[in-house]
Amino acid sequence: LPHLSDRDDLNYIIGEMIAELNIGHTYVYGGDYSRFPTVPGGLLGCDFEVDAKSGRYRITKIYNGRNWEPLFVAPLVQPGIGVKEGDYLIAVNGIELKYPANPFELLENTAGRQTAIKVSGKPGGEDAREYTVEPAASDINLRYDDWVESNRQKVLEASGGKIGYVHVPSTAVTGLYEFGRQFFPQADMDGIIVDVRYNSGGWMPSLFVDRLGRRLSSYWGRRYGTVARFPSTAPVGHLACLINERAGSGGDAFPYFFRQAGLGPLIGKRTWGGLVGMNRNIPMVDGGTVTVPTVGFMNLDGEYDVEGYGVAPDVEVENEPDRAAKGVDQQLDSAIDYLMKKIKEDPPVRRVPKPKDPDKS
């Protein structure tokens, strides 16, 4: 203790101490920190590369986001903004930009503020256009949305339009929202990949699994149009669940219940293994906090389960780093292969034919 220089050092010592419990959800954070002024940045929601010949920054990718949602607004994909991939960023707020100058330096303190950018299709700046944009404080949601949509498109193309894709980022509010947005429009596909990799947890995932486990109970023969299914959002196709070592807490419970409900195989790597949950915290005198795990997950045989081990996959697939760096997702490919074989062996039935109308005369 005499050698501690700041609150982070103390948190490290407390963390090492409570780590002896070998229990998940045992955290320490916060406390009496020195306060320093910070300079907010600004991001355009795009990727750059330097053109070696001209020193200009070329925009290689623009993230589209979801402009109808405040947390997913893409600065360069707004009405009237004609920036395109391949354009060069010539200047920001009237200051010319060339390497080794850093574009993020010119974008400091611009988040949420009207900012003038000049772009051109040519590195020399001929025919440059100027637009007023509002940079974002963070583009993590734009990049996440792009990753999910890219996976969905990949699955759709590889399966000839037969298989859907749903990513569940958590089992809390964000996860519920994303699940509802993605799952229900794809419920009638021949197969669905439910991806809970990187799931950060939250609450117990009963609602998710209940929705995935719904089964058709009846049909309705409509006077006009086709036969309707009931419930209309019950999945008709085969399911598979992707997991990895970065899914934990609710991300452990999700695949556990998915397997228990017999919904399909788990594909990927064993999950984190944190199902001793916390329901209270202990505040410290300087505003720091230590969490208190108090409730342990038990299986139906009355034994503690999952904690410290995780949920193992039925089909173990490693995403090898060198291939992942090239954009190859071996776990996703494995799920596609499994569902395509399953659909061929056991084609889903979406509807039964409408019977002849009864004669009531």
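Structural data are supplied above this passage.
Residues numbered from 1 in each chain as written. Predicted model: local features only at pLDDT ≥ 70, side-chain atom pairs only at ≥ 80, totals over all residues. Heavy atoms only, no water.

In this section: the packing of aromatic side chains. Summed over the entire model, instances satisfying the criterion amount to 12 aromatic pairs. Relative to Tyr-57, the ring of Phe-48 has its centre 6.1 Å away and its plane inclined at 80°; by these criteria the two rings are edge-to-face. Ring geometry for Tyr-256 versus Phe-257: centroids 6.0 Å apart, planes at 80°, classification edge-to-face. The exposure class assigned to Tyr-256 is buried, which follows from its relative accessible area of 17%. Of the aromatic side chains, those joined through ring pairs into one cluster are Phe-179, Phe-183, Phe-184, Phe-208 and Phe-254. Taking NZ or CZ as reference, Arg-66 lies 4.0 Å from the ring centre of Phe-72, over its face. Over the face of the ring belonging to Tyr-309 we find Arg-270, whose NZ or CZ atom lies 4.1 Å from the ring centre. (Phe/Tyr/Trp six-rings, centres within 6.5 Å; stacked < 30°, edge-to-face > 60°. Buried < 20%, exposed > 50% of the residue type's maximum accessible area, 1.4 Å probe, protein only. Lys NZ or Arg CZ within 6 Å of the ring centre and 35° of its normal.)

With that settled, consider the pattern of salt bridges. This structure, assessed with the given rule, holds 20 salt bridges. In this structure, Arg-7 and Asp-286 form a salt bridge, with 2.5 Å as the shortest nitrogen-oxygen distance. Pair noted here: Arg-7 is in helix 1 (residues 7–18) and Asp-286 is in the loop between strand 14 (276–283) and strand 15 (289–296), with a separation of 279 residues, a long-range link. Take Asp-286: its relative accessible area is 27%, and that puts it in the partly exposed class. Note that Arg-181 and Asp-145 form a salt bridge whose closest N and O atoms lie 3.9 Å from each other. (Salt bridge = Lys/Arg side-chain N within 4 Å of Asp/Glu carboxyl O. Helix = DSSP H or I, 4+ residues; strand = E, 2+ residues; numbered from the N terminus.)

Let's shift gears to the nonpolar core. One finds Val-168, Val-194, Leu-212, Phe-254 and Phe-258 to be the most contacted residues of the largest nonpolar core, which totals 25 residues. Looking at this core, the elements with two or more residues in it are helix 4 (173–183), strand 9 (191–195), helix 5 (206–212), strand 12 (238–243) and helix 6 (250–260). Per-element accounting of this core gives the leading share, 5 residues, to helix 6. Contact partners of Val-194, with chain neighbours within four places excluded, come to Val-166, Val-168, Leu-212, Ala-240, Cys-241, Leu-242, Phe-254 and Phe-258. Cys-46, Val-92, Val-119 and Val-133 belong to the second-largest nonpolar core, a separate cluster that totals 16 residues. (Core = buried A, V, L, I, M, F, W, Y, C linked by side-chain atoms within 4.5 Å. Contact = heavy atoms within 4.5 Å.)

Moving on, we come to the sheet that holds strand 14. Sheet architecture is open: 3 strands sit in the order 1-15-14, paired in antiparallel fashion. Looking at strand neighbours, the two that pair on one side only are strand 1 (28–29) and strand 14, the edges of this open sheet. Sheet analysis places strand 1 next to strand 15, joined by 2 bridges and oriented antiparallel. Bridging across to strand 15, Val-28 finds its partner in Val-290. (Pairing = 2+ DSSP bridges.)

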